[in-house]
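Results of the structural survey
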Amino acid sequence: MVKVATTPLDRTRVAVTALKLLNETGLDGLTLRAIAKELDVKAPALYWHFKDKQALLDEMATEMMRRMNADLAAGAGPGSDWQSALSGALRGLRRHLLMYRDGAKVYSGTHFTDLSYAAPMEAHLRTLTEAGFTPGDAARAWFTAYSYTIGYVTEEQSMGPDPVKEEGGYDLAARAERLAAYPLAAAAGGEMFRDFDAGFEKGLAAVVAGIGATMLET
């Protein structure tokens with residue numbers, strides 16, 4: 001009898017499968033049972049590698065980080081000023097989060113399971129300190145801009161069209177009707193919930209300018 005070679009079940013294989021299913025089910029529909037079915041194993045086999053869903057999310061976020069690092073490193077160009085470097089890194093983060101349905105929700109609040117984040121973080125902080133930021137202000141600057149990006153994409157994926165299926169989105173006409181007595185709030189919907197690319201760039205520019213104005217020693 002010929003034995004068919006199979007890929008060993010490990011944490012990375014499970015996380016890769018989970019990320020694939022994420023685009024089909026969304027975070028709420030992603031279960032260990034569904035992942036086990038996709039892998040053609042029994043659900044208890046996954047608990048050998050992950051004690052619960054949060055542990056799986058940690059590994060999924062880490063796999064997202066690995067992929068992002070590989071992509072951004074491949075496209076890295078010559079050195080630039082800190083504003084361009086910071087903005088470019090956060091554009092890359094947003095682009096990668098949008099590759100996955102509920103990507104920002106998976107990514108935020110998780111604990112990376114290896115040190116794949118360390119080298120990129122070191123490089124970002126070095127760029128800032130070499131530009132004149134103190135180590136503490138460099139850390140605060142990075143975390144402020146990073147938090148803006150995570151928060152923006154979380155709202156974008158919740159309120160905008162599905163980035164994978166390219167459908168849905170906030171019904172602005174219904175929103176405006178509900179807020180008819182509050183004209184400024186009603187009109188704000190068009191700015192907040194349309195053209196997320198332009199909105200992200202406006203917010204990012206404001207964040208970077210604010211960082212330069214309040215944290216960079218002159």
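Residues numbered from 1 in each chain as written. Predicted model: local features only at pLDDT ≥ 70, side-chain atom pairs only at ≥ 80, totals over all residues. Heavy atoms only, no water.

An unreviewed UniProt entry lists the protein chain under the name TetR/AcrR family transcriptional regulator C-terminal domain-containing protein, from Streptomyces longisporoflavus.

**Some points on the overall build of the protein chain**
When helices and strands are tallied, the protein chain shows 11 helices and zero strands. Seen in sequence order, the protein chain has helices and strands lined up from the N terminus as α-α-α-α-α-α-α-α-α-α-α. Across the 218 residues in the protein chain, those meeting the buried criterion constitute 35%. In the protein chain, 73% of the contacts between residues at least 6 apart in sequence involve partners at least 24 apart. Roughly 12,500 Å² of accessible area belongs to the protein chain as shown, and the carbon and sulfur atoms make up 57% of that amount. (Helix = DSSP H or I, 4+ residues; strand = E, 2+ residues; numbered from the N terminus. Buried < 20%, exposed > 50% of the residue type's maximum accessible area, 1.4 Å probe, protein only. Contact = heavy atoms within 4.5 Å. Areas by Shrake-Rupley, 256 points an atom, 1.4 Å probe, with all protein chains shown as cover.)

**Remarks on the environment of H96**
Structurally, H96 is set in helix α5 (residues 82-97). Residue contacts for H96: discarding those within four places in its chain leaves R67, M68 and D71.

**Comments concerning the packing of aromatic side chains**
Per the stated rule, a full pass over the model turns up nine aromatic pairs. Measuring from centroid to centroid gives 5.8 Å for Y148 and Y152, while their planes differ by 50 degrees, and the two rings are tilted. Placement of the pair is Y148 and Y152 together in helix α8 (residues 135-159), with a separation of four residues, close to one helical turn. Y152 carries the same exposure label as Y148, and that label is buried. (Phe/Tyr/Trp six-rings, centres within 6.5 Å; stacked < 30°, edge-to-face > 60°.)

**Looking at the packing of α8 against helix α11 (residues 196-215)**
Axis separation between α8 and α11 bottoms out at 11 Å; the angle between their running directions is 160 degrees. Classified by the angle between their axes, α8 and α11 sit roughly antiparallel to one another. Between α8 and α11 lies a crossing whose hand is right-handed. The residues of α11 that touch α8, namely those facing D137, R140, A141, T144, A145, Y148, T149, Y152, E156 and M159, are F196, G199, F200, G203, L204, V207, I211 and M215. Along the lines of polarity and charge, the residues of the contact of α8 with α11 split into 11 nonpolar, four polar and three charged. (Axes fitted to C-alpha atoms, helices over the stretch in contact; angles between N-to-C directions. Parallel < 35°, antiparallel > 145°, perpendicular 65-115°, else oblique. Left-handed = near helix turned anticlockwise from the far one by under 90°. Nonpolar A, V, L, I, M, F, W, Y, C, P; charged D, E, K, R; others polar.)

**Points about the environment of R194**
Counting through the fold element by element, R194 comes out in the loop between α10 (183-193) and α11. By relative accessible area, R194 is classed as exposed at 54%. Taking the C-alpha atoms as reference, R194 lies 9.0 Å from L172; in sequence the two are 22 residues apart. Filtering out sequence-adjacent residues up to four positions away, R194 remains in contact with L172 and G189.

**Quick notes on the side chain of E59**
Tracing the sequence through the fold places E59 in helix α4 (residues 53-74). Here R66 takes part through its side chain, which lies 3.0 Å from a polar atom of the side chain of E59. Sequence-distant contacts of E59, that is, excluding residues within four places in its chain, are made with R11, T12, A15, F50, R66 and T113. (Polar contact = N/O pair within 3.5 Å; in protein donor to acceptor, adjacent residues only side chain to side chain.)

**Some words on the pattern of salt bridges**
The final tally for this structure, using the stated rule, is 12 salt bridges. E38 serves as the salt-bridge partner of K20, at 3.1 Å between the closest nitrogen and oxygen. With K20 in helix α1 (residues 11-29) and E38 in helix α2 (residues 32-39), the pair connects residues that are 18 residues apart, well separated along the chain. For K20, a relative accessible area of 48% translates into the label partly exposed. (Salt bridge = Lys/Arg side-chain N within 4 Å of Asp/Glu carboxyl O.)

**Some words on α5**
For α5, built from 16 residues, the straight-helix expectation of 22 Å at 1.5 Å per residue is met to within 8% by its first-to-last C-alpha distance of 23 Å. Among all positions of α5, only W82, L86, S87, A89, L90, G92, L93, R94, H96 and L97 are buried. Its side-chain oxygen placed 3.1 Å from the backbone nitrogen of Q83, D81 serves as the N-cap of α5. (Expected span 1.5 Å × (residues − 1).)

**Let's talk about the nonpolar core**
By size, the foremost hydrophobic cluster in this structure holds 52 residues, and its most contacted members are I35, M60, Y107 and I211. Sort the elements by how many residues they give to this core and α8 lands first, with nine residues. In contact with I35, other than residues within four places in its own chain, are V14, T17, A18, L21, L30, L46 and L56. (Core = buried A, V, L, I, M, F, W, Y, C linked by side-chain atoms within 4.5 Å.)

**Digging into α1**
Helix length check: α1 (19 residues) gives 20 Å between terminal C-alpha atoms against 27 Å at 1.5 Å per residue, more than 12% under. At N23, α1 shows its largest kink, close to 95 degrees. (Bend = angle between axes of the 7 residues up to and from the residue.)

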